[in-house]
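Here is what each chain is made of, one letter per residue.
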Amino acid sequence: GDSVTQMEGPVTLSEEAFLTINCTYTATGYPSLFWYVQYPGEGLQLLLKATKADDKGSNKGFEATYRKETTSFHLEKGSVQVSDSAVYFCALSKDSNYQLIWGAGTKLIIKP
Amino acid sequence: EAEVAQSPRYKITEKSQAVAFWCDPISGHATLYWYRQILGQGPELLVQFQDESVVDDSQLPKDRFSAERLKGVDSTLKIQPAELGDSAMYLCASSRSGTGSYEQYFGPGTRLTVT
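Residues numbered from 1 in each chain as written. Chains lettered and ligands numbered in written order. Predicted model: local features only at pLDDT ≥ 70, side-chain atom pairs only at ≥ 80, totals over all residues. Heavy atoms only, no water.

J.: Would you explain the pairing of strand E4 (residues 23-26) of chain A in this entry?
T.: Side-chain positions along a regular strand alternate between the two faces of the sheet. Residues and elements named next belong to chain A. The two faces of E4 differ: Cys23 and Tyr25 on one face are buried, but Thr24 and Thr26 on the other face are not. Sheet analysis places strand E1 (residues 3-6) next to E4, joined by four bridges and oriented antiparallel. Across the sheet, the residue bridging to Ser3 is Thr26, located in E4. (Buried < 20%, exposed > 50% of the residue type's maximum accessible area, 1.4 Å probe, protein only. Helix = DSSP H or I, 4+ residues; strand = E, 2+ residues; numbered from the N terminus. Pairing = 2+ DSSP bridges.)

This is the structure we're talking about:
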């Protein structure tokens, strides 16, 4: 069945470092792909999305490119800030019922 | 910017008591989801509504959980009786659906603690 695999956390970086959080997926068809972010004690916020191969989603300095050849949607940011500390979830859509399949989440800790 | 509203934000209850959570989706969003999220894990879908109809409740523990969306707008999730293992964050989300748009928008959640 369809699934999403994320790199395990926590990922700990210093402020202004380059960030990559890996996400790979298994799916039939052509799913849409998403990154959500969850700050402590809050709900999930949509960070960015991509709906077809080679699309690049971007928001708040974060980027991810839909790579069908490698079935990946890695999240990147050039210079992280302490305020980026959160849990990041990768997800894909299921065509038939508008549900999302979620990765396990990756906790990001940014140290000043 | 429109948001999904949830209440209460926090709830502490004793086991065997009844508890209810409320959700008001973004106006015009036909699809409403209830999720449970255990600390440190991803969200687990409990129930999905399309308008007032249940689309999927396969993961809802129906012996103690119930959900309704009577007029196809706001929704209530109830647990009776609550058990210690129900302590979690309960998240509500909504989406437009039916338009090729899959993104879901989440409320702030209700943190439930069962003692």
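J.: I tried to follow the sheet that holds strand E8 (residues 75-79) of chain B on my own but got confused; where do I start?
T.: As a general point, the strands of a sheet are linked pairwise by backbone hydrogen bonds and lie either parallel or antiparallel. All names here are of chain B. Sheet architecture is open: four strands sit in the order E1-E3-E8-E7, paired in antiparallel fashion. Each edge of the open sheet carries a strand with a single partner, namely strand E1 (5-7) and strand E7 (65-68). The mean angle between the axes of side-by-side strands here comes to 15 degrees, regardless of whether they run parallel or antiparallel. (Axes fitted to C-alpha atoms, helices over the stretch in contact; angles between N-to-C directions.)

J.: Explain the state of the cysteines here, please?
T.: Formally, a disulfide is one covalent bond, and it connects the sulfur atom of one cysteine to the sulfur atom of another. Residue and element names in this part refer to chain B. Following the criterion strictly, the structure yields two disulfides over all chains and no others. Put simply, Cys23 and Cys92 are joined by a disulfide, and their sulfur atoms are 1.9 Å apart. Here the disulfide of Cys23 and Cys92 is left-handed, its torsion about the S-S bond being about -70 degrees. With Cys23 in strand E3 (residues 19-24) and Cys92 in strand E9 (residues 88-95), the pair connects residues that are 69 residues apart, well separated along the chain. (Disulfide = S-S within 2.5 Å.)

J.: I tried to follow the sheet that holds strand E7 (residues 56-59) of chain A on my own but got confused; where do I start?
T.: All names here are of chain A. Overall, antiparallel pairing links the four strands, which are arranged E3-E9-E8-E7 in an open sheet. Looking along the sheet, the strands with just one partner apiece sit at the ends: strand E3 (19-21) and E7. Taken pair by pair, the neighbouring strands of this sheet meet at an average axis angle of 20 degrees, ignoring direction. Here E3 pairs with strand E9 (residues 75-77) via three bridges, running antiparallel. Of the residues in E9, the one forming a bridge with Thr20 is Glu76.

J.: Help me out: how do you make sense of unusual backbone geometry in this one?
T.: Trans is the common state for peptide bonds, and a negative phi is the common state for residues other than glycine. The residue after Gly9 of chain A, namely Pro10 of chain A, is reached through a cis peptide bond having omega 0 degrees. By secondary structure assignment, the location of Pro10 of chain A is in the loop between E1 and strand E2 (11-14). Residue Pro8 of chain B follows Ser7 of chain B across a cis peptide bond; omega there is -10 degrees. Considering the arrangement of structural elements, one finds Pro8 of chain B in the loop between E1 and strand E2 (10-13). The backbone of Glu16 of chain A sits at a positive phi, close to 75 degrees, despite the residue not being glycine. Within the secondary structure, Glu16 of chain A sits in the loop between E2 and E3.

By themselves these figures say nothing about function.
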